[in-house]
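Notes for the structure review
Single-letter residue listing:
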Amino acid sequence: MAKTVTIAIDGPAGAGKSTIARKLAAELGYYYVDTGAIYRTVAYFLDLLGISPKDLDGVSRYIDELTVEIEYDEAGKQHMIMNGMDVTDEIRTPDISQKASLVSAHAVVRDMLLDMQRDVAKKHNVIMDGRDIGTVVLPRATVKIFLTASAEVRAQRRCDEMLAKGQKANLQQVLKDIQQRDHQDMTRAVAPLKQAKDAVKVDTSDLDIDGVVAAIKTIIAGKVKA
Ligand code: DC
């Protein structure tokens, strides 16, 4: 089998990873894999069982009862399947964001999810976004991008998204949540969020979406021959 092209995009919450990765994947005809959605599915499953994401014993006891699958619909949208049930929409709440961050700190959770992420990348050309894609999941990725922006800019964007969806949003609360998640994701012992040595850093604070997509396409074009 021919070697696949793998593009790793890591960075903190709200840096624009999923918007950018989805656009790039559509333009390049690659699969888009949102790995945060996998951790969110684990958090949602444990939440339904009433297990705290910090409770390592509880997490270890029930994790084997969970089957996580990724499916794609005709439009190319990623769906998360938890024990046969589509939970794609249910996992998108601020509460599950926090719980996913906490549950993702456990090695038992990360180990269980490693092969499924690598398997997709073995079979398809992918743009995969997350926190540890360039450092742990795909250390030999064809291209590695570290996408970042100031916490204030990320919080403002998240608020705008929530308001556009008709949800309530409080900028100070969203900023606090983002800072807490950054701290948890960067300071955990296993696979913390950090820039891979060979990743290109792209700061999106002063760029719009099309500007970021264009910048990353130039980086990819330099590494992948069409
Ligand atoms: O990208 P996201 O906001 O959907 O991710 C939710 C949480 O999942 C994030 O705070 C940390 C965790 N995560 C991770 O630990 N490793 C990844 N590759 C992706 C997400």
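Our structure's up above, just so we're on the same page.
Our subject in this report is the structure included herewith. (Residues numbered from 1 in each chain as written. Predicted model: local features only at pLDDT ≥ 70, side-chain atom pairs only at ≥ 80, totals over all residues. Heavy atoms only, no water.)

Observations regarding the packing of helix α7 (residues 151–164) against helix α8 (residues 171–187)
At a minimum axis separation of 9 Å, α7 and α8 run at an interaxial angle of 125 degrees. Taken together, α7 and α8 sit at an angle that is classed as oblique. As for how α7 packs across α8, the hand of that crossing is right-handed. Every residue of α8 that contacts α7 at Ala151, Glu152, Arg154, Ala155, Gln156, Arg158, Cys159 and Met162 is listed here: Leu171, Val174, Leu175, Ile178, Gln179, Arg181 and Asp182. (Axes fitted to C-alpha atoms, helices over the stretch in contact; angles between N-to-C directions. Helix = DSSP H or I, 4+ residues; strand = E, 2+ residues; numbered from the N terminus. Parallel < 35°, antiparallel > 145°, perpendicular 65-115°, else oblique. Left-handed = near helix turned anticlockwise from the far one by under 90°. Contact = heavy atoms within 4.5 Å.)

Quick word on the layout of surface pockets
Its volume calculated, the second largest pocket comes out at about 300 Å³. For the second largest pocket, the lining is made up of 13 residues, of which Lys3, Thr6, Ala121, Lys122 and Leu138 are closest to its centre. Along the lines of polarity and charge, the residues of the lining of the second largest pocket split into 7 nonpolar, 2 polar and 4 charged. (1 Å grid on protein atoms, 1.4 Å probe; cavity = no way out; pocket = protein on both sides within 12 Å on 5 of 7 lines; lining within 4 Å. Points joined across faces, edges and corners; volume = space filled by probe spheres on them. Nonpolar A, V, L, I, M, F, W, Y, C, P; charged D, E, K, R; others polar.)

Considerations on the packing of aromatic side chains
Inspection of every chain in the model, using the stated rule, returns 1 aromatic pair. On the basis of an interplanar angle of 80 degrees and a centroid distance of 5.0 Å, the ring pair of tyrosine 31 and tyrosine 72 is categorised as edge-to-face. A residue pair is termed long-range when its members are at least 10 positions apart, and tyrosine 31 in strand β2 (residues 31–34) and tyrosine 72 in strand β3 (residues 68–72) qualify at 41 residues. The class of tyrosine 31 is partly exposed, set by a relative accessible area of 33%. (Phe/Tyr/Trp six-rings, centres within 6.5 Å; stacked < 30°, edge-to-face > 60°. Buried < 20%, exposed > 50% of the residue type's maximum accessible area, 1.4 Å probe, protein only.)

Regarding the site of the ligand
In the vicinity of the ligand lie 15 residues, with Arg40, Arg110, Arg181, Asp185 and Arg188 positioned nearest. A distance of 2.8 Å separates an oxygen atom of the ligand from a polar side-chain atom of arginine 110. Here the ligand has 450 Å² of accessible area as a free molecule, and 96% of this is covered by the chains. Put simply, the parts of the chain that give the shell around the ligand at least two residues each are α2 (36–49), α4 (94–103) and α8. Considering every element that reaches the shell around the ligand, the biggest residue donor is α2, with 3 residues. Along the lines of polarity and charge, the residues of the shell around the ligand split into 3 nonpolar, 5 polar and 7 charged. (Near = heavy atom within 4 Å. Polar contact = N/O pair within 3.5 Å; in protein donor to acceptor, adjacent residues only side chain to side chain. Areas by Shrake-Rupley, 256 points an atom, 1.4 Å probe, with all protein chains shown as cover.)

Re a negative patch on the surface
Among the surface-exposed residues, Glu69, Glu71, Asp86, Asp89 and Glu90 lie close enough to one another that they form a single negatively charged patch. Structurally, glutamate 69 can be placed in strand β3. For glutamate 69, a relative accessible area of 36% translates into the label partly exposed. (Patch = residues over 30% accessible without salt bridge, like charges linked within 9 Å, V, L, I, M, F, W, Y side chains within 5 Å. Salt bridge = Lys/Arg side-chain N within 4 Å of Asp/Glu carboxyl O. Lys, Arg positive; Asp, Glu negative; His and termini not counted. Charge placed at Lys NZ, Arg CZ, Asp CG, Glu CD.)

Here's the deal with the environment of valine 190
With respect to the element layout, valine 190 can be found in the loop between α8 and β8 (200–203). What makes valine 190 partly exposed here is its relative accessible area of 30%.

Regarding the packing of α2 against helix α5 (residues 107–123)
Contact pair α2 / α5: the axes reach a minimum separation of 11 Å and the direction vectors enclose 135 degrees. Classed by the angle they form, the pair α2 and α5 counts as oblique. Helix-helix and strand crossings are classified by hand; for α2 and α5 the assignment is right-handed. Of α5, the residues touching α2 (which contributes Ile38, Tyr39 and Val42) are Val109, Arg110, Leu113, Met116 and Gln117. Classifying every residue of the contact of α2 with α5 gives 6 nonpolar, 1 polar and 1 charged.

Considerations on unusual backbone geometry
Backbone geometry at asparagine 83 places phi at a positive 45 degrees, although glycine is not the residue there. Position of asparagine 83 relative to the elements: it lies in the loop between β4 (78–82) and β5 (85–86).

Here we look at the pattern of salt bridges
Scanning all chains against the criterion turns up 11 salt bridges. A salt bridge links arginine 110 to aspartate 132; its shortest N-O distance comes to 2.9 Å. With a gap of 22 residues between them, arginine 110 in helix α5 and aspartate 132 in the loop between β6 (126–130) and α6 (133–137) connect regions that are remote in the sequence. Residue class for arginine 110 comes out buried when judged on its relative accessible area of 6%.

Everything listed here is a matter of coordinates, which is why it stays silent on function.
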